[in-house]
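Each chain is listed here by its residues.
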Amino acid sequence: VAETFHHIGNCEAREGQFEDSLKSYKEALRIKKSVFHRKGYLSIAKTEHCMGLSMLQLGNLDDALESFEASIKVRRALLRDHLDVAFSLHSIGRIFFHQSNIDDATACLEEAMKLKLRFLPEKHMSLAETQHLLASLYIKKQNFSPAVPLLKSALLGYKGTRDCDIMKSDVLDLLGDAYAKLGEDGHSLLSYEHSLKIKKVVLGKDGVACANVLLEIGKLKSAKNDIDGALFAFKEVKRIQKILFGKNHLKNADLLIQVGLIQDRLGNHDMAAKCFAEALRMRRKLIDQNSEIGGNQSSLIAEALVHTGRMHQSKGDHPKSLTFFKEGIDIYRKSGGDEDVSQECANACRLLGLSQIACGDNENALPSLARCLELRERTYGTESEQWADIAYDLGIAKCQAGIYDDALMLLDKCVLLLKGFETSDPRRLSNALLHLGKIYLKKRSVDNAMVHFDEALVIRKRLKKNEIGVSEVLFQIGGVRELKKQYLESLVCYEESLKLRLSVHEEDEDTADIISRIGEVRRIRGQYDLALENFTLALDMYKNTVGETHLSVASTYHSLGYVCDAKNDAQKAMQNHKEGLSVRKLILGGDHVKIAASLDD
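Residues numbered from 1 in each chain as written. Predicted model: local features only at pLDDT ≥ 70, side-chain atom pairs only at ≥ 80, totals over all residues. Heavy atoms only, no water.

Trainee: Go over the packing of helix H14 (residues 269-289) against helix H15 (residues 298-314) with me, naming the residues and quoting the values.
Mentor: Packing of H14 against H15 brings their axes to within 9 Å, and their N-to-C directions diverge by 160°. Here H14 is positioned roughly antiparallel relative to H15, judged by the angle of their axes. In the crossing of H14 with H15, the sense of the turn from one axis to the other is left-handed. Between H14, through His269, Ala272, Ala273, Phe276, Ala277, Ala279, Leu280, Arg283, Arg284 and Ile287, and H15, the contact on the second element is made entirely by Ser298, Leu300, Ile301, Glu303, Ala304, Leu305, His307, Thr308, Arg310, Met311 and Ser314. (Axes fitted to C-alpha atoms, helices over the stretch in contact; angles between N-to-C directions. Helix = DSSP H or I, 4+ residues; strand = E, 2+ residues; numbered from the N terminus. Parallel < 35°, antiparallel > 145°, perpendicular 65-115°, else oblique. Left-handed = near helix turned anticlockwise from the far one by under 90°. Contact = heavy atoms within 4.5 Å.)

Trainee: Explain the packing of aromatic side chains residue by residue, including any values.
Mentor: Under the criterion given, the structure shown has two aromatic pairs. Ring plane angle 15° and centroid distance 4.3 Å describe the contact between Phe36 and Tyr41, whose orientation is recorded as stacked. With a relative accessible area of 28%, Phe36 lands in the partly exposed category. For Tyr41, a relative accessible area of 28% puts it in the partly exposed group. Ring geometry for Phe475 versus Tyr494: centroids 5.6 Å apart, planes at 45°, classification tilted. Here the residue Phe475 occupies a position in helix H23 (residues 467-483), and Tyr494 occupies one in helix H24 (residues 487-502), the gap between them amounting to 19 residues. When its relative accessible area of 22% is taken as the criterion, Phe475 is described as partly exposed. Classification of Tyr494 as buried rests on a relative accessible area of 2%. The residue whose ring lies beneath Lys413 is Trp387, and the NZ or CZ to ring-centre distance is 4.8 Å. (Phe/Tyr/Trp six-rings, centres within 6.5 Å; stacked < 30°, edge-to-face > 60°. Buried < 20%, exposed > 50% of the residue type's maximum accessible area, 1.4 Å probe, protein only. Lys NZ or Arg CZ within 6 Å of the ring centre and 35° of its normal.)

Trainee: Give me the lowdown on a negative patch on the surface, citing residues and values where you can.
Mentor: A cluster of acidic side chains, namely Asp62, Asp63, Glu66 and Glu69, defines a negative patch on the protein surface. Mapping Asp62 onto the fold places it in helix H4 (residues 61-79). (Patch = residues over 30% accessible without salt bridge, like charges linked within 9 Å, V, L, I, M, F, W, Y side chains within 5 Å. Areas by Shrake-Rupley, 256 points an atom, 1.4 Å probe, with all protein chains shown as cover. Salt bridge = Lys/Arg side-chain N within 4 Å of Asp/Glu carboxyl O. Lys, Arg positive; Asp, Glu negative; His and termini not counted. Charge placed at Lys NZ, Arg CZ, Asp CG, Glu CD.)

Trainee: Explain the packing of helix H3 (residues 42-57) against helix H5 (residues 83-98) to me, and be specific about the residues and the numbers.
Mentor: In contact at an axis separation of 11 Å, H3 and H5 are set at 25° when each is read in the N-to-C sense. Viewed along their axes, H3 and H5 adopt a mutual orientation that is roughly parallel. In the packing of H3 onto H5, the handedness of the crossing is left-handed. Along its contact with H3, which presents His49, Leu53, Leu56 and Gln57, the element H5 presents Phe87, Ser88, Ser91, Arg94, Ile95 and His98. Taken together, the residues of the contact of H3 with H5 sort by class into four nonpolar, five polar and one charged. (Nonpolar A, V, L, I, M, F, W, Y, C, P; charged D, E, K, R; others polar.)

Trainee: Let's hear about the nonpolar core: which residues, and what values?
Mentor: Formed by 75 residues in total, the largest nonpolar core has its most connected members in Tyr332, Leu373, Phe453, Val473 and Ile477. With nine residues, helix H19 (residues 385-400) is the single largest residue contributor to this core. Look past the residues within four positions of Leu373 in its chain and what remains in contact with it is Trp387, Ile390, Ala391, Leu394 and Leu410. Counting residues in hydrophobic clusters, the runner-up holds 50 residues, among them Ala86, Phe96, Leu115 and Phe144. (Core = buried A, V, L, I, M, F, W, Y, C linked by side-chain atoms within 4.5 Å.)

Trainee: Quick one: what's the story with H23, residue by residue and with numbers?
Mentor: Here H23 contains 17 residues, and its C-alpha end-to-end distance of 24 Å stays within 8% of the 24 Å for a straight helix at 1.5 Å per residue. Of all the residues in H23, the buried ones are Gly469, Val470, Ser471, Val473, Leu474, Gln476, Ile477, Gly478, Gly479, Val480 and Glu482. Tucked inside the fold, the buried residues of H23 contact helix H21 (426-442), helix H22 (446-462), H24 and helix H25 (509-524). With its phi angle positive at about 60°, Lys485 sits one or two positions after the end of H23. (Expected span 1.5 Å × (residues − 1).)

Dropping the structure here:
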């Protein structure tokens, strides 16, 4: 009788009548317990497991977990490593998944998969279900590489099974997400396009599922610079969303964000700013009006704020961008500890730090970038590209702020990591090496500085249209040669640096710096007439680019004074030193060590 009730429950569950099935299972369990007089029977464990499945379908997670745990206790005791234990583990893992207990869910599903791999064919649907769910967990944990082979295996398992089209489509969506995060946009696009075909047949072409996939396809096509393809996908999303939701819906704001990003890529910054501003307005209004939305949906407002701030940043309006970044970060921090939200917050902290640097506010920029680094470290660890990316920014900022020990530690680790990543940007690597060289110069470690400058030079010479970058490194190498009193080699570096710079720029402050150093080396070598020409040219260039009241102007007057003094022209020497003193007094006042140096001259 108990078994009959159990089978009736199975039939009801297959028909979707889960409340009725639960009643049948409970009656079967009552009878079995009265017959067996104790709990440790496999028949009881089987019914408890099926009760758990029905409870799971009804959303009674705590009761379902209790049934599954009672079932697996018996199964483990009597069967040990058995397929039924794997089924129980899978079901418990599902509950932990729904309860966002990611670590315990992962442990259960990994053990379930090992058992199923032992007892089931590799294309069995039950194995595919475990692989599917476990891959979803890996993706939630940002662990994309091991998710991909699991999803491929799950797809093969579902392929040979009828009525699994929706499951296949979900696997393809997850594959698309994982591939996109791994930078494999081509594979990601193929996965989403295959998923879209299935969804159109099974769910209809005007369903929200199709709109969601089309949105991802549009993003990928935008990233691949297929602007027409992206706009076509977004147009389809807009058509579907208008049918389903009307004009005022959060999903329309999502679409505006994506269109804004495309307009930004096209250089239509004003149009992009309008898209972001309208998305922000819609999200504020809809989320404020609908208290049921709440929770982490407020992070949508933060996203629109950050995009709007970024547009002001790209237009050079850094003070205005600060307001948007700060409000966005504040919302992200209040939204909770979700990893996706924390990384959006990290990105906003980075943008805030860069705008603060542009505004000359290094005091606040350093904590902003440090906060970003902390969030990246928490999610990705200190050996990741994501961590290295921000370590670079923070290292450069600390170098510019004169915090050399911290900068050295960050940039040294950053360089080691960047050398090991296939996708590293060689410009960032060479710039990190350049700054490390500058730090070693500050620390009087000339040989270490030279090693880093040489390495930076090799990288920059490989890059096309990089005359300014090569010129910058040659200037630093010339400085090291000068410090080591290798004046001829120094002069060669400076002159090559100047030649490259003049091929791109006519005159600017950096060009004047190079000409001034050439003059100094020639003065040291006793080539006074040539030095005089160099310093005179540098002085005119400084005045034209930075104005007459600048410390570089004062230093160049004194250099002219030294040359005139060496040529025994005391009158002109005195005149130039007095000019240098006058400029320094205007800038520094009367009480400064450089004023003392001018008076000495």
